[in-house]
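Listed below, chain by chain, are the residues.
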Amino acid sequence: MGHPGRTELVELPCRALLVDVDGVLVDSDASVALSWSRWARERDLDPAEVLGTVHGRRTADTVALLVGPDERARALAAVDRYELEDVGSTTALPGAAELLGQLPAGAWAVVTSGRRELATARLAVAGLPVPAVSVCGEDVPAGKPDPAGYRRAAAELGLPPGDCVVLEDSPPGVAAGTAAGATVVGVSERALASGARLVVRDLRGLTWTGSGLGVDSGALLRS
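Thresholds applied
Residues numbered from 1 in each chain as written. Predicted model: local features only at pLDDT ≥ 70, side-chain atom pairs only at ≥ 80, totals over all residues. Heavy atoms only, no water. Buried < 20%, exposed > 50% of the residue type's maximum accessible area, 1.4 Å probe, protein only. Helix = DSSP H or I, 4+ residues; strand = E, 2+ residues; numbered from the N terminus. Pairing = 2+ DSSP bridges. Right-handed = clockwise from strand over helix to strand, strands pointing away. 1 Å grid on protein atoms, 1.4 Å probe; cavity = no way out; pocket = protein on both sides within 12 Å on 5 of 7 lines; lining within 4 Å. Points joined across faces, edges and corners; volume = space filled by probe spheres on them. Nonpolar A, V, L, I, M, F, W, Y, C, P; charged D, E, K, R; others polar. Contact = heavy atoms within 4.5 Å.

A few points about the pairing of strand β5 (residues 108-111)
Moving on, step 1. Taking every second residue as pointing to the same face, both faces of β5 are buried, with W108 and V110 on one and A109 and V111 on the other.
Moving on, step 2. Pairing of strand β2 (residues 16-19) with β5 involves 3 bridges; the strand directions are parallel. Its bridge partner being in β5, V19 is matched across the sheet by V110.
Moving on, step 3. Here 2 bridges tie β5 to strand β6 (residues 134-135), and the two strands are oriented parallel to one another. Residue pairing across strands places V110 opposite S134, the latter belonging to β6.
Moving on, step 4. For the crossover from β5 across helix α6 (residues 116-126) to β6, the handedness is right-handed.

Here's what the structure looks like:
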């Protein structure tokens, strides 16, 4: 795009951003690995196989894949507890604080597969704000890739999903934002496995222009 050595700003018109938490705003990978590995070993499961199922899914949905019905409530309570205990290693991802600091009130919402208590704790530990609108795993009847979370967040902002840009790292999250009718920007190399047309390395190349999201072409991994 453009001349070698130069970057251009691609603007995606929108009125609000709908943003995933883990892998987009915060790096919780170490915390996730610690909590879920501990949980897996207690149940004689392979931690590597378990970790391959968790990204972009609600905790309850992951537990349902791995544990029989009679054990699910106890198993879910255990991993919920471990994730809160291990939240201290969470850090803000590059560009997150800067982008959020540009957004006016009511111009963004969080949409996460995590529980509200966990999402709020991770944002707080990372030093990031919690928006007025947060749609969390317990707020929707089905998790990503179901679009319910993104549709609800847009509605709570008073907007149709088509007036929003979604920032997502996981393939289920990208699929959810797309199915909701929003424009989706994939974030990180993880999003290269998704159907997102635009994928950026992180949030450092993103700016709020007042009429939409500006994407520096130098930040693109795929366009």
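Okay, back to it.
Examining the layout of surface pockets
Moving on, step 1. Estimated volume of the largest pocket: approximately 180 Å³.
Moving on, step 2. Contributing to the lining of the largest pocket are 15 residues, with G23, D29, L93, S188 and R190 lying nearest its centre.
Moving on, step 3. Its residues placed into classes, the lining of the largest pocket shows 6 nonpolar, 3 polar and 6 charged.

A look at helix α7 (residues 148-156)
Moving on, step 1. Taken together, the buried positions of α7 are A148, G149, Y150, A153 and A154.
Moving on, step 2. In this structure, the buried residues of α7 make contact with β2, β5, β6, β7 (164-168) and α8 (171-180).
Moving on, step 3. Phi for G158, located one or two positions after α7, is positive at around 80°.

Details of unusual backbone geometry
Moving on, step 1. Of the consecutive residues K144 and P145, the connecting peptide bond is found in the cis state with omega at 20°.
Moving on, step 2. Topologically, P145 is positioned in the loop between β6 and α7.
Moving on, step 3. The phi torsion at D44 lies on the positive side, around 55°, for a residue other than glycine.
Moving on, step 4. For D44, a relative accessible area of 75% corresponds to the exposed category.
Moving on, step 5. Of note in the backbone geometry, S188 takes a positive phi value of approximately 85° without being a glycine.
Moving on, step 6. Along the polypeptide, S188 turns up in the loop between β8 (183-187) and β9 (198-200).

So far we have only geometry, and geometry alone does not tell us how the molecule works.
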